[in-house]
Amino acid sequence: MTMLKAMTFNLRVMVEADGDNAWTRRIHAAAQAVLHEQPDILCTQEGRYGMLKDLQAELPGYRWIGEGRRGGREDEHCTIFYNTANWLPEEAGHFSLSEQPETLGTLSWNTACPRMCTWVRLRSLRNGQNIAVFNTHLDHISQEAQIKGMELIRHRMERLKQASPETPLILAGDMNVEPEHPVIRGLEQAGYRNAYAVLPPGPRESKPGRTFHGFRGGVDGLPIDYIFTSPECVVEAVRVDRHRYEGRYPSDHYPVCAVLELPSTEPLALNK
């Protein structure tokens, strides 16, 4: 059995107009939020290259994969941090959520700005278990871009699954949509597990509460940040972290963590 903790965390892009909530004042709080959970995998959104370097300096046990949404170090990144003590990247890539997926920075479907997905296939240093992680940040305005962007992500995930059926999939990110949206319903209907489904019984619309809070805190509202898995994974627990760190919220989004049980595999020889 392999247990894994995945975390998704929209960092809130660096905006000096945020005043006391500007990134330079939140670096340590954001790092503390990660260190509090000690995730195996951390998917971040909105981080620019300099922000990610700041965060990396506070997280010496992690490394990250990802480019900016305009390519290279340009613009916001969708990055995947991984715990180097437990996981080793085997292959990684990215694609634009557009009609030209191989070209970052392209716009399609009335999107407000370039959108992308970063992915990586990781191997466990403990038992050779492979996983594939996809991280994205969907458009905040165009429903067409949200739906078609997720269709493209699902196509890429399914393509990887066909090539490597034994590899569990994790999809995380800021989807910018609420639970009844076709993006979320479509993932569930396709068999992907929504981590929030393990929360105690109650009205769907009341779980798990808001994940975007605009530095105001609170619970009332609906989530827009999610963690999904392929069907063979078991979600043991999920939590929206509403703590303050160093007296402040680490972002305008709450981090979301899920504890996952991956399917058992035969131990692999790590030197092959």
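Quick notes on the rules
Residues numbered from 1 in each chain as written. Predicted model: local features only at pLDDT ≥ 70, side-chain atom pairs only at ≥ 80, totals over all residues. Heavy atoms only, no water. Phe/Tyr/Trp six-rings, centres within 6.5 Å; stacked < 30°, edge-to-face > 60°. Helix = DSSP H or I, 4+ residues; strand = E, 2+ residues; numbered from the N terminus. Buried < 20%, exposed > 50% of the residue type's maximum accessible area, 1.4 Å probe, protein only. Pairing = 2+ DSSP bridges. Axes fitted to C-alpha atoms, helices over the stretch in contact; angles between N-to-C directions. Contact = heavy atoms within 4.5 Å. Right-handed = clockwise from strand over helix to strand, strands pointing away.

Here's the deal with the packing of aromatic side chains
Thinking step 1. Overall, the coordinates contain 6 aromatic pairs when judged by the stated rule.
Thinking step 2. For the ring pair W64 and F81, a centre distance of 6.3 Å and an interplane angle of 35° mean the geometry is tilted. Of this pair, W64 sits in strand β3 (residues 62-65) while F81 sits in strand β4 (residues 77-83); the two residues are 17 residues apart in sequence, bridging distant segments of the chain.
Thinking step 3. Looking at F81, the relative accessible area reads 0%, which means it is buried.
Thinking step 4. Judged by centre distance (6.1 Å) and plane angle (75°), the ring pair of Y249 and Y254 falls under edge-to-face.

Quick notes on the sheet that holds strand β2 (residues 41-47)
What holds strands together in a sheet is hydrogen bonding between their backbones, with the strands either parallel or antiparallel.
Thinking step 1. One open sheet holds the 6 strands; their spatial order is β3-β4-β2-β1-β12-β11, and the pairing between them is mixed. This sheet does not close on itself; its edge strands, each paired only once, are β3 and β11 (234-240). Direction aside, the axes of adjacent strands within the sheet are offset by 20° on average.
Thinking step 2. Of the strand pairs in this sheet, strand β1 (residues 2-10) and strand β12 (residues 256-262) are connected by 7 bridges, and their pairing is antiparallel. Considered in β12, the bridge of L4 is made with L260.
Thinking step 3. The strands touched by helix α1 (residues 23-37) are β1, β2, β11 and β12; relative to β1, the strand with the most contacts, the crossing angle is about 165°.
Thinking step 4. Those strands touched by helix α2 (residues 49-58) are β2, β3 and β4, and its axis lies near 15° from that of β4.

What about the pairing of strand β7 (residues 130-137)?
Thinking step 1. Where burial is concerned, most of β7 is hidden: 8 out of the 8 residues are buried.
Thinking step 2. Inspection of the sheet shows strand β6 (residues 116-124) paired to β7 by 7 bridges, in the antiparallel sense. Each residue of the ladder has a partner; that of R123, found in β7, is N130.
Thinking step 3. Between the end of β6 and the start of β7, which pair antiparallel, lie 5 residues, with G128 showing a positive phi angle near 80°.
Thinking step 4. Sheet topology places β7 next to strand β8 (residues 169-174); 6 bridges connect them, and they run parallel. Paired with H137 across the bridge in β8 is D174.
Thinking step 5. For the handedness criterion, the β-α-β arrangement of β7, helix α3 (residues 143-163) and β8 is classed as right-handed.

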